[in-house]
Amino acid sequence: MKPAERRVLVVAILASFVVFLDGSVVNVALPAIAGDLDGGVLDGLALQQWVVDAYLVTLGALILVAGSLSDVLGRRRVLSWGLVGFGLASLACAVAPTGVVLVVARAVQGAAGALLVPSSLAMIVATFRGEAQGRAIGTWTAWTGTAMIAGPLLGGILVDTSSWRWVFAVNVLPVAVTAWLLRGTARGERDRSRRVDVAGAALVALGLAGTVFALIEQGRLGWDDPLVWGPLFLGVAALDVFVLWERRVPDPVLPLRLFAVRNFSAGNLTTAFVYGALAFGGFVVVLFLQQVAGYSATAAGLAMLPVTLLMLVLSSRAGSLAGRYGARVFMTAGPLLAAAGYLLMLTTTQDADYLTQLLPGVLLFGLGLSATVAPLTASILAAVPPEDAGIGSAVNNAVSRVAGLVVIACAGVVLGPTLDLAGFHRALVLTAVLLALGGLVSWLGVRDAPTTAGAEGSAVA
């Protein structure tokens, strides 16, 4: 690997790492945040859900327009904007005096994070070719996937040794390092013929915010409350108008034509199931271990450490093998193994003995996830032409974030008003079902021959 290529890969990994890390590192800090900021307008489970979902709403909604921005304005420029915004928003989260202020700061943080992921992955696609691209994407997914799993461990250590506020303040160092490294990369090309779909971005943001607000608040207010059904109606209507608008606008924030490509559409449906399960499973496990089983924040974070180690060791290899033999078998077997891992955890009792009740399932889940993530990402990106790399990456990342925020927003429906052993078991089953559906969709929908948006014949569903 040439020095310039290595620098691009490091920048892409670091820029995405902080975004994925902040999607999971906060999970283990939620009890401490709720205890410290409880008693305001937001409290209890609603506050915990909003701390997670405020970030995911803006990240999932704006990551689409960020993909267009990276293609239109240049990937390095958009990446630098995102780094500055993410660093400042992280500091705002760290000093938030109330739950409402923290939720608002998390929303801003998600908006800045939306600028980072599609630009960084598009830089990899533009820099690497052939099998080297598959290895680079495999390395990227190994580290970014690891961030989602390692987040609870880092958060636990910071909560137990200092304060939950350091969970956010710690972002400043990697952001600064990434900004310094970014200066040595190529500026990248700009496509002045394309425009940014501002109206589409506003519609999808409004649609997601209204829907998620209703799903979270229904547990506290009930479905018959106007503050629940009103935003729900507004959100669904905005999403309907969004789809109609995207069919008409010349440069849509969500190019529906990409979904005519079989591997792209099937891969994104798999992404929705797998990443919805990943977000929900991680959210529930760390809460159960702390609030019911009595684990410390650090111990709860350590529970998923084997998954992190397996991802680091196996993800790059899985990406390389999928590039050689095809992604379909990995995208099928991986989620099924991960689902079996969550079902194994159903033996967990109130005390949650780690070695006998949790570790076997965690290991099996880690093997399945390691086999899934790199082939899934590579298959989706191989299905779009290079000039659409930014928006293709953005769509896939938006799908994964939106899936996570919707499933977490439904946590109150699955868990009930308070988390107990029965609710935990229901959550494990739901997580396993989502993972299994991801494997089934991959087997039925994915084809190993790489396709592009302009391909003919069997490439189009």
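Residues numbered from 1 in each chain as written. Predicted model: local features only at pLDDT ≥ 70, side-chain atom pairs only at ≥ 80, totals over all residues. Heavy atoms only, no water.

J.: Tell me about the overall build of the protein chain, and name the residues and values.
T.: When helices and strands are counted, the protein chain shows 19 helices and 0 strands. Burial status across the protein chain gives 57% buried among its 461 residues. Contacts spanning at least 24 positions in sequence make up 85% of the contacts within the protein chain whose residues lie at least 6 apart. Carbon and sulfur atoms form 69% of the exposed surface of the protein chain, whose accessible area is close to 17500 Å². (Helix = DSSP H or I, 4+ residues; strand = E, 2+ residues; numbered from the N terminus. Buried < 20%, exposed > 50% of the residue type's maximum accessible area, 1.4 Å probe, protein only. Contact = heavy atoms within 4.5 Å. Areas by Shrake-Rupley, 256 points an atom, 1.4 Å probe, with all protein chains shown as cover.)

J.: I'd like a rundown of the confidence of the model for the protein chain, residues and numbers included.
T.: Of all residues in the protein chain, 88% attain a pLDDT of 70 or more, and the chain-wide mean is 81. For the protein chain, per-element mean pLDDT is lowest for helix α7 (residues 130–161), which scores 74, and highest for helix α15 (residues 328–344), which scores 94. Below pLDDT 50 for its whole length, residues 450–461 participates in 26 contacts with residues either more than four positions away or in separate chains. (pLDDT = per-residue confidence, 0-100.)

J.: Please provide a residue-by-residue account of the pattern of salt bridges, values included.
T.: Under the defined criterion, the tally for this structure stands at 1 salt bridge. A salt bridge links D36 to R165; its shortest N-O distance comes to 3.7 Å. Taken together, the residues D36 in helix α2 (residues 30–37) and R165 in the loop between α7 and α8 (166–169) connect sequence positions 129 residues apart. Assessed through its relative accessible area of 44%, D36 is described here as partly exposed. (Salt bridge = Lys/Arg side-chain N within 4 Å of Asp/Glu carboxyl O.)

J.: Summarise the environment of V307; cite the residues concerned and give the values.
T.: Looking at the element boundaries, V307 is found in helix α14 (residues 305–325). A relative accessible area of 0% places V307 in the buried class. Here the alpha-carbon distance between V307 and V362, two residues 55 residues apart in the chain, equals 6.7 Å.

J.: Run through the packing of aromatic side chains, naming residues and quoting values.
T.: Applying the stated criterion to the full structure yields 4 aromatic pairs. On the basis of an interplanar angle of 70 degrees and a centroid distance of 5.3 Å, the ring pair of F259 and F264 is categorised as edge-to-face. Residue class for F259 comes out partly exposed when judged on its relative accessible area of 29%. By relative accessible area, which is 0% here, F264 ends up buried. Between the aromatic rings of Y342 and F365, the centroid separation amounts to 5.0 Å while the plane-to-plane angle is 80 degrees, which identifies the pairing as edge-to-face. With a gap of 23 residues between them, Y342 in helix α15 and F365 in helix α16 (residues 354–382) connect regions that are remote in the sequence. Its relative accessible area of 1% is what places Y342 among the buried residues. (Phe/Tyr/Trp six-rings, centres within 6.5 Å; stacked < 30°, edge-to-face > 60°.)

J.: Describe in detail the side chain of T270, supporting the description with residues and values.
T.: Position of T270 among the secondary structure elements: in helix α12 (residues 262–291). Among the polar contacts listed, one links the side chain of T270 to the backbone oxygen of G438, at a separation of 3.5 Å. (Polar contact = N/O pair within 3.5 Å; in protein donor to acceptor, adjacent residues only side chain to side chain.)

J.: So what's going on with the environment of A107? Which residues, and what values?
T.: Topologically, A107 is positioned in helix α5 (residues 99–114). Exposure remark for A107: the relative accessible area of 21% places this residue in the partly exposed category. Placed 48 residues apart in sequence, A107 and L59 show a C-alpha to C-alpha distance of 7.9 Å. Leave out the neighbours within four places in its chain, and A107 touches A54, Y55 and T58.

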